[in-house]
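So you can see what is in the structure, the chains are spelled out below.
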Amino acid sequence: MKADLLITNAAELATPLGHPEFKPAEFLILHDAAVAAFRGQIVWVGPSAEVKKNVQLETPAQFVDAAGKTVTPGFVDCHTHPIFFGAREDEFEMRIAGKSYEEIARAGGGIRSTVRKVRKASKEELIAAALPRLDRFLALGTTTIEAKSGYGLSLADEIKLLEVIRELDALHPLDLVPTFLGAHEIPDEYRHNKSAYVDLVIEEMIPAVRERGLAEFCDIFCESQVFDAADSRKILTAARDAGFALKIHAEQLTRTGGSALAAELGAISADHLENTTPDDWEKMKASNVAPVLLPGAVFFLGKERYAPGRQMLDFGLPVAVATDFNPGSCMSESMPMMLTLSCLKLRLTPAEALTAATYHGALAIQRGNLLGTVEVGKKADLVIWDAPNHKHLPYHFGINLADRVIKNGKVVYEKPHE
């Protein structure tokens, strides 16, 4: 078969294997392996010794010798908030001094402080601020992110954020999957009239975003101090009726019934889930709701209660892991760091953590047929790691082991070599 990209001699090729049913993926390890792709799609996977009889290289073609290195799928980071202006390092210092995230938010900080900055920023400023973040995602092995709005909280500013996401998707090799998160927080001007803001989201924002085709998903922050289960049901039902697929921030800080609501409404994913029970898992499993766990947020907020990832995976749920990259509760684009936290705090094995960060992440954004595994027919989104095997990725933490990142069959990042 024809190929315009050939990777050979990988010490290890480690990949989940896609599964037609809603359950955890299998995991495959090949040694001395090769991968061939043509026009951005994987066309052959197998032993390096069998390349010549199976693959015919086009001219020109890219050839990569991965001797001594490990090949995996690119990370699919299925929960990020990457479009914002300014940062919140002062709040980080406040948390160190003993203030909680919730206390800071009630005092006017948190999400609303970022909203004020975003409203003042132009699209050009937001794009310029976001591009280095996307470069970091890519350099750390992430090839697709789900990108949420949610720092505008007005019709004009939510539209602005989603238009920025669309423009960045066209500008940058990283793929951005857009999510509308108008119900992220109650903005300053509606602090004493939440019901009017809920009406604004339902009556103006959802129709406008849908008419412009700016988002695939609609998400909501379901917490008692922001949007409770009743508010969330109203907003998500309206979004579903408008044609959006649904996501929900659920059971992060308190138990609100968000995961059960996700199952009731047929959401694609429920995210965070630190305060869930086996009854919630049963409902999610029956409704094919993907659990997205965000250990980086728990770590960065200095909390101790991590989502029960080991138990959820043993229960048969295809657990996904993402960064939750945002300026307040997880200022990190590093999926490799999330692998380490997943092993240490969620008690996943390295293979399970890698699966959670690739194929299960793809399921959580309805891309399981395209992304997240090294299999024939999938997109050639791959990472070559300067590591002898996949277990080394969470083990050797705090540095970037990515040697090359391949997006759509093209090398888009290469580690500088001295």
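Summary of the structure given here. (Residues numbered from 1 in each chain as written. Predicted model: local features only at pLDDT ≥ 70, side-chain atom pairs only at ≥ 80, totals over all residues. Heavy atoms only, no water.)

1. What to know about the packing of helix H13 (residues 335-345) against helix H14 (residues 350-357)
Contact geometry for H13 and H14: axes closest at 9 Å, N-to-C directions at 135 degrees. For the element pair H13 / H14, the angle class is oblique. In this structure, H13 crosses over H14, and the sense of that crossing is right-handed. Contact residues: Met-335, Leu-339, Ser-342 and Cys-343 in H13; Pro-350, Ala-353, Leu-354 and Ala-357 in H14. Across the contact of H13 with H14, the residue classes tally to 7 nonpolar, 1 polar and no charged. (Axes fitted to C-alpha atoms, helices over the stretch in contact; angles between N-to-C directions. Helix = DSSP H or I, 4+ residues; strand = E, 2+ residues; numbered from the N terminus. Parallel < 35°, antiparallel > 145°, perpendicular 65-115°, else oblique. Left-handed = near helix turned anticlockwise from the far one by under 90°. Contact = heavy atoms within 4.5 Å. Nonpolar A, V, L, I, M, F, W, Y, C, P; charged D, E, K, R; others polar.)

2. Some remarks on the pattern of salt bridges
Inspection of the entire model under this criterion finds 27 salt bridges. Here Arg-367 ties to Glu-216 by a salt bridge, and the two come within 2.9 Å at their closest N and O atoms. One end of the pair, Arg-367, is in the loop between helix H15 (359-363) and strand S14 (382-385); the other, Glu-216, is in the loop between helix H7 (194-212) and strand S9 (217-220), with 151 residues separating them in the sequence. The exposure class of Glu-216 is partly exposed, given its relative accessible area of 24%. Across the salt bridge formed by Arg-404 and Glu-414, the nearest N and O atoms sit 3.2 Å from each other. Taken together, the residues Arg-404 in strand S15 (residues 402-407) and Glu-414 in strand S16 (residues 410-414) connect sequence positions 10 residues apart. (Salt bridge = Lys/Arg side-chain N within 4 Å of Asp/Glu carboxyl O. Buried < 20%, exposed > 50% of the residue type's maximum accessible area, 1.4 Å probe, protein only.)

3. Focus on the packing of helix H9 (residues 258-265) against helix H10 (residues 278-286)
Two quantities define a packed helix pair, namely the angle between the helix axes and the distance between the axes. Running from N to C, H9 and H10 cross one another at 20 degrees; their axes reach a closest spacing of 8 Å. One way to sum up the angle between H9 and H10 is to call them roughly parallel. Seen along the crossing, H9 lies across H10 with a hand that is left-handed. Where H9 abuts H10, its residues Ser-259, Ala-260 and Ala-263 lie against Asp-280, Lys-283 and Met-284. When grouped by side-chain class, the residues that make up the contact of H9 with H10 number 3 nonpolar, 1 polar and 2 charged.

4. Structural notes on the sheet that holds strand S12 (residues 290-293)
Strand pairing in a sheet is mediated by backbone hydrogen bonds. Such pairs are either parallel or antiparallel. With respect to topology, 8 strands assemble into an open sheet ordered S6-S7-S8-S9-S10-S11-S12-S13, the strand pairing being parallel. Each having just a single partner strand, strand S6 (75-80) and strand S13 (320-321) make up the two edges of the open sheet. Note that strand S8 (residues 175-183) and S9 share 3 bridges and pair parallel. Of the residues in S9, the one forming a bridge with Ala-183 is Ile-220. Taken strand by strand, helix H5 (residues 123-139) contacts S6, strand S7 (142-148) and S8, and its axis lies near 140 degrees from that of S7. (Pairing = 2+ DSSP bridges.)

5. Re the pairing of S14
Of the two faces of S14, the one holding Leu-382 and Ile-384 and the one holding Val-383 and Trp-385 are both buried throughout. When strand S5 (residues 70-73) meets S14, the two strands line up antiparallel, connected through 4 bridges. Its bridge partner being in S14, Val-71 is matched across the sheet by Ile-384. Inspection of the sheet shows S14 paired to S15 by 4 bridges, in the antiparallel sense. Residue pairing across strands places Ile-384 opposite Arg-404, the latter belonging to S15.

6. Description of the side chain of Asn-275
Considering the arrangement of structural elements, one finds Asn-275 in the loop between strand S11 (269-272) and H10. Of the residues examined, Asn-275 reaches a relative accessible area of 13% and is grouped as buried. Polar contacts involving the side chain of Asn-275 include one to the side chain of Arg-305, which spans 3.2 Å. Contact partners of Asn-275, with chain neighbours within four places excluded, come to Glu-251, Gln-252, Leu-253, Thr-254, Arg-255, Asp-280 and Arg-305. (Polar contact = N/O pair within 3.5 Å; in protein donor to acceptor, adjacent residues only side chain to side chain.)

7. Some details on the state of the cysteines
If you walk through the whole model with that rule in mind, you get 0 disulfides. Take Cys-222: it sits in no disulfide, and the sulfur closest to it among the cysteines is that of Cys-218, at 13 Å. (Disulfide = S-S within 2.5 Å.)

8. Some remarks on the environment of Met-338
Tracing the chain through its elements places Met-338 in helix H13. Apart from residues no more than four positions distant in its own chain, Met-338 is found in contact with Pro-295, Gly-296, Val-321, Ala-322, Thr-323, Cys-330 and Ser-332.

9. Structural notes on the nonpolar core
In this structure, Phe-180, Phe-227 and Ile-248 are the most contacted members of the largest nonpolar core, which totals 114 residues. For this core, the element with the highest residue contribution is H7, accounting for 8 residues. What Phe-227 contacts, discounting residues up to four positions off in sequence, is Ala-183, His-184, Glu-185, Ile-186, Tyr-197, Val-198, Ile-220, Phe-221, Cys-222, Ser-232 and Ile-235. (Core = buried A, V, L, I, M, F, W, Y, C linked by side-chain atoms within 4.5 Å.)

10. Details of H14
Think of an α-helix as turning once every 3.6 residues; residues three or four places apart then point the same way. Counting buried positions over the 8 residues of H14 gives 6, a clear majority of the element. For H14, the set of buried residues is Ala-351, Ala-353, Leu-354, Thr-355, Ala-356 and Ala-357.

Purely geometric stuff here, so don't read any function into it on its own.
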